[in-house]
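Summary of structural features
Each chain is listed here by its residues.
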There are 2 protein chains.
Amino acid sequence: MKQSQLFTKTRREAPKDEVSKNAQLLIRAGFIHKEMAGAYSFLPLGLRTMNKIAGIIREEMNAIGGQEVHLTALQDKKNWEATNRWDDSIVDIWFKTKLKNGGEVGLSFTHEEPLTAIMKNYIQSFRDLPKAVYQFQTKFRNEERAKSGIMRAREFLMKDLYSFNADEKAHEEFYERAKQAYIRIFDRVGLGGQTYVTFASGGSFSRYSHEFQTITDAGEDVIYVHEGKKIAVNKEVLNDEVLKNIGIPRSELVEKKAVEVGNIFSLGTKFSDALGLNFTDAEGKPHPVIMGCYGIGPGRVMGTIAEIRSDEKGLIWPETVAPFAVHLIALPDKDGAVKKAADDLYERLTKKGVEALYDDREATAGEKFSDSDLIGIPTRYVVSAKTLADDSVEVKDRLTGKIEMRKIATI
Amino acid sequence: MKQSQLFTKTRREAPKDEVSKNAQLLIRAGFIHKEMAGAYSFLPLGLRTMNKIAGIIREEMNAIGGQEVHLTALQDKKNWEATNRWDDSIVDIWFKTKLKNGGEVGLSFTHEEPLTAIMKNYIQSFRDLPKAVYQFQTKFRNEERAKSGIMRAREFLMKDLYSFNADEKAHEEFYERAKQAYIRIFDRVGLGGQTYVTFASGGSFSRYSHEFQTITDAGEDVIYVHEGKKIAVNKEVLNDEVLKNIGIPRSELVEKKAVEVGNIFSLGTKFSDALGLNFTDAEGKPHPVIMGCYGIGPGRVMGTIAEIRSDEKGLIWPETVAPFAVHLIALPDKDGAVKKAADDLYERLTKKGVEALYDDREATAGEKFSDSDLIGIPTRYVVSAKTLADDSVEVKDRLTGKIEMRKIATI
């Protein structure tokens, strides 16, 4: 894309009320717009990165047999009364609104209830199991405070997968496959090194759930990390019994601040019991379906990457989720030769399928470089009179700062 | 995809409270689920078709220079008070809800206000124009009645494009390009033959807007059609002056029921005046930006296709939007030879990139055929002991019913 066409521009300052580093950087670079506290719109660069993150998650969900759906945001209270999660005194983050023709509806903060109700139409026998169903859908959560930018929003995109199995053994096998898929996802989006599979509260259904916690001072959680084993324990469950279960002495754990970028949870039969999702076995006997849920917020992942992979100049995207692979910059020249060479290179890159943002604007070299550093595309190609004198392009790696010259004909 | 894995099944009956043909068929075929009146979830087959429709729209929006964004559903009242569209006595379809820490927020029923406010950050000079920005985002409309299935929902996906130009001439040129893009979209999704560019009320900004109206008895609008010129006039604006303007005598118009599948609208400076979206010209003089808006609901398009392209047996998808290109059906056999040949063919189709739904279930030929007719994939390949005796596959066109035999090796 030509940068002269892109409607966003970089900004020197984020809005004064924005206190989080991730949102400040993303707003200044033109990735997002702050609509109000906890609600951010995604602009072209930001949507491209969101779609790359979602694309990686989708591939991994499809690879473990997930089938994609898209449920409604508006929620009928009948499903939530069945599980006792409608009342505001029990779930305190509901947004609710009223239908004009009468009756209150909620805005989905999660989707266990409606999906369990849907599956009653399709699961009757053991032959209909196992199944795994997922979606990317907006969640609405009426948070008291929203000061972490896109890491904790009141409206945000979530990938939520739900599994349906006939017995515990099959559930546990799927749960482990989902855990491995999550590990691959965080590796692929560039957070693998800092992300720990973390033992957390299992609620009433199972001993533990697993959170995927990424180490960052911007996180709101405290976890205890074992670096060698690459696992951690959430502070909320750390006690002697847990330490014994996971076989790690307290002395080997290090306290860290972290953000929960994903979680996987065994639901047991809580929802299938409440909503009547049963199957009959080979002998015709009915049983409730065993369920699990598996969540990742692509926006929170993007915010976490912005927190961790950034420096005083701006963002530093991993290749896999960068809005463009290459930032091609034509420096100002007198006779138009640089512009022509850069135009040709842009056309060649585009034909080869390389996603390039081409800074063809009339601006100074300084403006172009500082914008490029702020936007954070991983590889920069600079074309100038000087590089052309050697039939070359200057190639700079945003992360390492390493610069090399490459013959333009070889690109 | 193997049909034995697909979690949905066809159903004999839609819910009793569902009165629209489109939703009845789509529910029975497993494309959608009715969450409540006017709110439908999209299941795997339905989401695939929605994504195909959205993909066609996206291509055409990109081709006219549209840049994709994703704005929030939650709406801050300040932008809407500026245009006098916050008050429920003026806009009677708002869903509103409350933030826990105080203050009312709305759920977006359209996005002129927030996008105009965003563009103030990026449009200052004539050099920043023209721009065109679009999104696919959920709209919420608190409709009194919702009886048309996915053709008029309370929660629905909308593609809305907004244009920003420096003067009327540039606006009109873009408006015409958008109109042509819309004509291509309706052609590509298979509604071209029944869809008319329709003169409609222009509101206070311009003489007319244009609706894209598709002829169907399920529509809620009445239009007057000139079949030869392929244009129409909405009943709400039909008068002598309009007839004179478009140069068509009343006697040549035929009254039809129709559904508005898209609309394009000149907004003039209504929103830029109210929200202060101005640019300076080459002489440094300020002017308000000229805007236009351009909407299509992919769900309504899908519902309209279901209304128009269906028969007593079920749905009949155009190839461009079908959830799969081919429905491969293996009929029951005794020695497993049919299963093996169908498995091989499925693998070959998949390798070639042909999207096939493969009915590998243990079911009777009658069940498989009636499910296939209901789901409505355009091309059906049937493998049976009989077809294999001739090394062939029976190929049936869902629309015409035409059957031919093709050598299996040539597929």
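Just above, that's the structure.
Residues numbered from 1 in each chain as written. Chains lettered and ligands numbered in written order. Predicted model: local features only at pLDDT ≥ 70, side-chain atom pairs only at ≥ 80, totals over all residues.

Residue and element names in this part refer to chain A. What the five strands build is an open sheet, ordered β20-β19-β21-β22-β23; its pairing is mixed. Edge positions in the sheet fall to β20 (356-359) and β23 (403-407), since each of these pairs with one other strand and no more. Mean inter-strand twist for the sheet, computed between neighbouring axes without regard to direction, equals 25 degrees. Packing of helix α10 (residues 365-375) onto the sheet brings it into contact with β19 (326-330), β20 and β21 (379-383), and relative to β19 it is tilted by some 175 degrees. (Pairing = 2+ DSSP bridges. Helix = DSSP H or I, 4+ residues; strand = E, 2+ residues; numbered from the N terminus. Axes fitted to C-alpha atoms, helices over the stretch in contact; angles between N-to-C directions. Contact = placed C-beta atoms within 7 Å.)

A few words now on the packing of helix α1 (residues 21-28) of chain B against helix α8 (residues 298-308) of chain B. Residues and elements named next belong to chain B. For the pair α1 and α8, the least separation of the axes is 8 Å and the interaxial angle reads 90 degrees. It follows that α1 is roughly perpendicular to α8 by the angle criterion. In this structure, α1 uses Lys21, Asn22, Leu25 and Leu26 to contact α8, whose residues at the interface are Gly303, Ala306 and Glu307. Considered class by class, the residues forming the contact of α1 with α8 number three nonpolar, two polar and two charged. (Parallel < 35°, antiparallel > 145°, perpendicular 65-115°, else oblique. Nonpolar A, V, L, I, M, F, W, Y, C, P; charged D, E, K, R; others polar.)

What follows deals with the interface of chain B and chain A. Each side of the interface is counted separately: chain B has 41 residues, and chain A has 41 residues. Secondary structure elements with two or more residues in the side of chain B that touches chain A: β1 (32-36), β2 (39-42), α2 (44-63), β3 (67-69), β4 (74-76), β5 (95-98), α4 (112-119) and β7 (131-140) of chain B. Partitioned by chemical class, the residues of the side of chain B that touches chain A number 19 nonpolar, 11 polar and 11 charged.

All names here are of chain B. In terms of burial, β7 is largely enclosed, as seven of its 10 residues are buried. Pairing geometry for β3 and β7, over three bridges, is parallel. Paired with Val69 across the bridge in β7 is Gln135. (Buried ≥ 20, exposed ≤ 12 C-beta atoms within 10 Å, placed from the backbone.)

Moving on: the relation of the copies chain B and chain A. The two copies are related by a screw operation: chain B maps onto chain A through 180 degrees of rotation and 0.0 Å of translation along the axis, at an RMSD of 0.0 Å. Within this description, the copies of the chain are treated as partners about a two-fold rotation axis. Residues of chain B ranked by C-alpha distance from the rotation axis are headed by Thr97(B), positioned 2.6 Å from it. Here 100% of the interface residues in chain B have copies in chain A that are interface residues too; the copies meet face to matching face. (Least-squares fit on C-alpha atoms with pLDDT ≥ 70 in both.)

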